[in-house]
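Overview (structure and organization)
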Protein chains: 2
Amino acid sequence: MSAERLDTTFVSDPPKTLRLDEGLRFRTGEVIAPFEIVYETFGELNADRSNAILVCHALSPSAHAAGKYKADDPKPGWWDGMIGYGKGIDLDEHFVVCVNFPGSPWGTTAPHSIDPATGKPYGSKYPWVCVEDMITAQARVLDHLGIDKLEAVVGSSLGGMQALMWVVMYPERVDAMICIAATASVPVATIAWHLIGRKMIMSDPAFAGGDYYDSTNPLRGLEIARMIGHMTYLSNEALEKKFGRRRPGSSRQLQVDSYLEYQAKRFAKAYDANAYIRVQAAMDEMDLADQFGSLQIAFQNFRGKALLIAFDTDWLFPRIDIARLHGAMRAAGIDATLSEIITPNGHDAFLIDYPLITPPVKSFLARR
Amino acid sequence: MSAERLDTTFVSDPPKTLRLDEGLRFRTGEVIAPFEIVYETFGELNADRSNAILVCHALSPSAHAAGKYKADDPKPGWWDGMIGYGKGIDLDEHFVVCVNFPGSPWGTTAPHSIDPATGKPYGSKYPWVCVEDMITAQARVLDHLGIDKLEAVVGSSLGGMQALMWVVMYPERVDAMICIAATASVPVATIAWHLIGRKMIMSDPAFAGGDYYDSTNPLRGLEIARMIGHMTYLSNEALEKKFGRRRPGSSRQLQVDSYLEYQAKRFAKAYDANAYIRVQAAMDEMDLADQFGSLQIAFQNFRGKALLIAFDTDWLFPRIDIARLHGAMRAAGIDATLSEIITPNGHDAFLIDYPLITPPVKSFLARR
């Protein structure tokens, strides 16, 4: 297949589904069977299957990482600024795979999926997914595609945490790793913000312990929790610049208030609360240093190269923590590069500052 | 009266009440009558009534700023580290007044007080208080005590905002002002955190629009909102040091989680939700630059001296904003000093770092 190139993007293939009849075994020991994994691919796998890049998505995106399904789609995939013909991850050279991870509500068997045993959504019975389960599902897709070795695994935020987990779980299957705005464990402040958001969701009577699918009540707890999440993605600079204390028109409502409400309502309508609390908890539970005794031990078998990118105004994953991760990787004998990017855009910079992220990514991928 | 001096504190007088039979008129135009204002005094007013310092309290404290009512009280007043014999605000020299402001639930007529017209708590009918109303109530107490001019007005956080409002509303009544960890308007990020907390409280069915006094249901929304507030008082450094990712004993619950729950439950049991949302909203509404056209105009009539104290790890009131306030005061011709304190304790430093705050406060008050 050769993709139709549009002005700045391209027409992508529809999502594909890998069905595991025997199911997926989660790290908790629970099995969901059958289990369907939705993924997308972009570009062409070369003859010796050596040009595959796995892009891991973050909390809210899907497997639709780039391109438009139809030329007149209003928006392309979530990382279209990075992935495309001639872009930072150049589809003229690379074959990109993006897998919707277990727990996420975008196609892969999720808490809102129907349990064939009951004919009702899994709801509260869906396992508490771990980052390890995300890697397991991605590996099953790569097996299915006949890709033994990745040219690179790339991710930002929770996607970056997955990239780190990849080189720990499958060090021999990865030649290069790019981890953007992420570390091997979330800082305690981020954990606390996540916890507070989850408490909001769970204290909402409409949440009904996670079995709310029979009701059409809006989940106000999810909306407010999303506002917290949203705040952690923005820098104070960005907030000041975007809103200051403006009140639109003659309204008494501050612009930042109506913005948070609008974004939160939009998110809560689309995203599933059971997915949200599980995916955030998975992020919070990952702690490679704790799980392996030290980061050096965790990374000891990875012999590929690594690129870490930090944003100076990111306070979800502060640059200092990424610098420490860089030190630990170097101490583990990894050829690791740290690129610090100055931007007012906070954690969200990975979805905004393509002109700043593209050069280090491009030159890292080109390096042999 | 001469106070009995204890080891590091002293025995303070019980709270006093000023009753306004004609009531208090709020800035909104609403009047609550009668209106009672609770205040405490510490030390001795000198013969020419020239040694009075008004200490303005922040969101959660009361008029009990220092000392113990009885020698065996478990805890002294909330700023006992600063106010006392031989301390930063030395009661051997100064007479200190602290007034419980309107909106706060600690004695002054508040949302939970009984409306004589109905025999029920004011609840949702209590006015949305402004910082100006707090100053008005304090001025009434000073009038009552025969204090025309303050040697100083001092406050931290919302108390510091009141100190700033004092020199704007009554510039001729103040000789010196000390504003710690506060600015003339809260940054938009802080407003957003406050808004999210208020939404949480108001979305709680148990809140019942503010008329919840007949019920004994715990207000989970207030507990969770308090966790947000608590987070904004702590620096990331303090969180890491205090908790890291520790889980006490064999528990799966993170220590930061049980700490936030414990603190939030304690707060929510004691503090009133209607008070909380009103006092925070008062903070958010204050914006001297907007109200007067510019800070220079706001401060133009104040001819006293000013001390501003900033904490480097405070992200509720970032040092950069306090530096800007300092610039504006200097531009308004005020003899203003900025003292930047390096501390890992974030916004809460004003309740912790007495050895660091005492020297600049003491030397500022001694300066003639």
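1. As for the relation of the copies chain A and chain B
Overlaying chain A with chain B gives an RMSD of 0.0 Å, the required rotation being 180° about an axis along which the chain moves by 0.0 Å. The operation mapping one copy onto its partner corresponds to a two-fold rotation axis.

2. As for the domain arrangement of chain A
Interface extent is often summarised as the accessible area lost during association of the parts. Residue and element names in this part refer to chain A. Looking at chain A, the domain boundaries give domain 1 (16-185 + 287-366) and domain 2 (190-282). Its C-alpha centre places domain 1 at a distance of 24 Å from the equivalent point of domain 2. Taken together, the contact between domain 1 and domain 2 spans 30 residues of the former and 31 residues of the latter. Here domain 1 and domain 2 share an interface that buries about 2400 Å² over both sides, 65% of which is from carbon and sulfur atoms. If you sort the residues of domain 1 by the area they bury against domain 2, Leu59, Trp128 and Trp315 come out on top, with a joint share of 28%. Summed over the shared surface of domain 1 and domain 2, the number is zero salt bridges. Summed over the shared surface of domain 1 and domain 2, the result is nine residue pairs in polar contact (both at pLDDT 80 or more). Going through the elements one at a time, β10 (120-121) and α1 (131-145) are the ones with two or more residues in the side of domain 1 that touches domain 2. Broken down by class, the residue content of the side of domain 1 that touches domain 2 amounts to 18 nonpolar, ten polar and two charged.

3. A look at the interface of chain A and chain B
With 38 residues of chain A at the interface, the matching set in chain B holds 38 residues. In total, about 3200 Å² of surface goes out of reach between chain A and chain B, with carbon and sulfur atoms giving 69% of it. The tally of links between chain A and chain B comes to four salt bridges. Across the pair B:Lys199 and A:Glu261 runs a salt bridge, and its minimum N-O distance is 2.6 Å. Among the elements of the structure, α3 (188-203), α4 (220-233), α5 (236-242), α6 (255-270) and α7 (273-285) of chain A are those that each provide at least two residues to the side of chain A that touches chain B. Residue contributions to the side of chain A that touches chain B peak at ten residues, all from α3(A). For the side of chain A that touches chain B, a count of residues per class yields 22 nonpolar, five polar and eleven charged.

4. Structural notes on the pairing of strand β11 (residues 152-156) of chain A
All names here are of chain A. Of all five residues that make up β11, five are buried, and the element is covered over most of its length. Of the two faces of β11, both are covered, the one formed by Ala152, Val154 and Ser156 as well as the one formed by Val153 and Gly155. Where strand β5 (residues 52-56) and β11 come together, four bridges link them in parallel fashion. When the bridges of β11 are listed, cysteine 56 appears paired with glycine 155. Judged from the four bridges that link them, β11 and strand β12 (residues 176-180) form a sheet pairing that is parallel. What sits directly across from glycine 155, in β12, is cysteine 179.

5. A word on the environment of B:Asp92
Residues and elements named next belong to chain B. With respect to the secondary-structure elements, aspartate 92 resides in the loop between β7 (89-90) and β8 (95-99). Considering only alpha carbons, one finds aspartate 92 and glycine 43, 49 residues apart in sequence, at a separation of 7.0 Å. Contact partners of aspartate 92, with chain neighbours within four places excluded, come to Arg5, Tyr85 and Gly86. For aspartate 92, the side chain forms a polar contact with the side chain of arginine 5, separated by 2.6 Å.

6. Regarding the sheet that holds β8(B)
Residues and elements named next belong to chain B. The eight strands are arranged β1-β4-β8-β5-β11-β12-β13-β14 in an open sheet whose pairing can be described as mixed. Among the strands making up the open sheet, the edge pair consists of β1 (16-20) and β14 (335-341). If you compare each strand with its neighbour and ignore which way they point, the axes differ by 20° on average. Against the sheet, helix α10 (residues 319-331) makes contact with β12 (176-180), β13 (305-311) and β14, and its axis sits at roughly 165° relative to β13, the strand it touches most. Against the sheet, helix α11 (residues 354-366) contacts β5 (52-56), β11 (152-156), β12, β13 and β14, and its axis sits at roughly 170° relative to β13.

7. What to know about unusual backbone geometry
At the junction of A:Ala33 and A:Pro34, the peptide bond is cis and its omega measures out at -10° in the coordinates. The backbone of A:Arg49 sits at a positive phi, close to 55°, despite the residue not being glycine. On the secondary structure map, A:Arg49 appears in the loop between β4 (35-42) and β5. Phi at B:Ser157 is positive, roughly 60°, even though this residue is not glycine. Among the secondary structure elements, B:Ser157 is positioned in the loop between β11 and α2 (158-169). Residue classification places B:Ser157 among the buried positions, given a relative accessible area of 7%.

8. A closer look at the nonpolar core
Soluble globular proteins: nonpolar side chains tend toward being buried together. In terms of nonpolar packing, the biggest core is built from 202 residues, with A:Met177, A:Phe299, B:Met177 and B:Phe299 touching the most fellow members. Once residues within four sequence positions are removed from consideration, A:Met177 is found in contact with A:Val153, A:Ala163, A:Leu164, A:Val167, A:Phe302, A:Lys305, A:Ala306, A:Leu307, A:Leu308, A:Met329 and A:Phe364.

9. A short note on the confidence of the model for chain A
In the predicted model, chain A carries a mean pLDDT of 95, and the fraction of residues at 70 or more is 99%. On the interface metric, ipTM, the complex scores 0.84, and its pTM is 0.88.

10. Thoughts on the pairing of β14(B)
All names here are of chain B. Pairing analysis gives seven bridges linking β13 to β14, with the strands arranged parallel. Along β14, the bridge assignment pairs alanine 310 with glutamate 340. A crossover links β13 with its parallel partner β14, the connecting element being α10, and its sense is right-handed.

11. Describing the packing of helix α3 (residues 188-203) of chain B against helix α4 (residues 220-233) of chain B
Two quantities define a packed helix pair, namely the angle between the helix axes and the distance between the axes. Residue and element names in this part refer to chain B. Close contact between α3 and α4 brings their axes to 7 Å; oriented N to C, the two are set at 165°. In terms of axis orientation, α3 runs roughly antiparallel to α4. Note that α3 runs across α4; the crossing there is right-handed. Side by side, α3 and α4 meet where Trp193, Ile196, Gly197, Met200 and Ile201 of the first sit next to Gly221, Leu222, Ile224, Ala225, Ile228 and Thr232 of the second. In the contact of α3 with α4, the residues fall into eight nonpolar, three polar and no charged.

12. Considering the pattern of salt bridges
Under the definition given, this model contains 42 salt bridges over all chains. The partner of A:Lys87 in a salt bridge is A:Asp80, with the nearest N and O atoms 3.0 Å apart. Residue A:Lys87 shares its accessibility class with A:Asp80, and that shared class is buried. Each of A:Lys199, B:Arg220, B:Glu223, B:Asp257, B:Glu261 and B:Lys265 takes part in salt bridges that share partners, so that together they form one network.

13. Examining the sheet that holds β4(A)
Residue and element names in this part refer to chain A. Taking strand neighbours across the sheet as the criterion, the eight strands line up as β1-β4-β8-β5-β11-β12-β13-β14 in an open arrangement whose pairing is mixed. Two strands lie at the open edges of the sheet, namely β1 (16-20) and β14 (335-341), each paired on one side alone. Each adjacent strand pair in this sheet contributes to an overall mean axis angle of 20°, direction not counted. Sheet strands touched by helix α2 (residues 158-169): β5, β11 and β12. Its angle to β11, the strand with the most contacts, is close to 150°. The strands that helix α10 (residues 319-331) touches are β12, β13 (305-311) and β14; relative to β13, the one it contacts most, it runs at about 165°.

Quick notes on the rules
- Residues numbered from 1 in each chain as written.
- Chains lettered and ligands numbered in written order.
- Predicted model: local features only at pLDDT ≥ 70, side-chain atom pairs only at ≥ 80, totals over all residues.
- Heavy atoms only, no water.
- Least-squares fit on C-alpha atoms with pLDDT ≥ 70 in both.
- Domains from an automatic or database assignment.
- Contact = heavy atoms within 4.5 Å.
- Buried area = accessible area lost by both parts, 1.4 Å probe.
- Salt bridge = Lys/Arg side-chain N within 4 Å of Asp/Glu carboxyl O.
- Polar contact = N/O pair within 3.5 Å; in protein donor to acceptor, adjacent residues only side chain to side chain.
- Helix = DSSP H or I, 4+ residues; strand = E, 2+ residues; numbered from the N terminus.
- Nonpolar A, V, L, I, M, F, W, Y, C, P; charged D, E, K, R; others polar.
- Buried < 20%, exposed > 50% of the residue type's maximum accessible area, 1.4 Å probe, protein only.
- Pairing = 2+ DSSP bridges.
- Axes fitted to C-alpha atoms, helices over the stretch in contact; angles between N-to-C directions.
- Core = buried A, V, L, I, M, F, W, Y, C linked by side-chain atoms within 4.5 Å.
- pLDDT = per-residue confidence, 0-100.
- Right-handed = clockwise from strand over helix to strand, strands pointing away.
- Parallel < 35°, antiparallel > 145°, perpendicular 65-115°, else oblique.
- Left-handed = near helix turned anticlockwise from the far one by under 90°.

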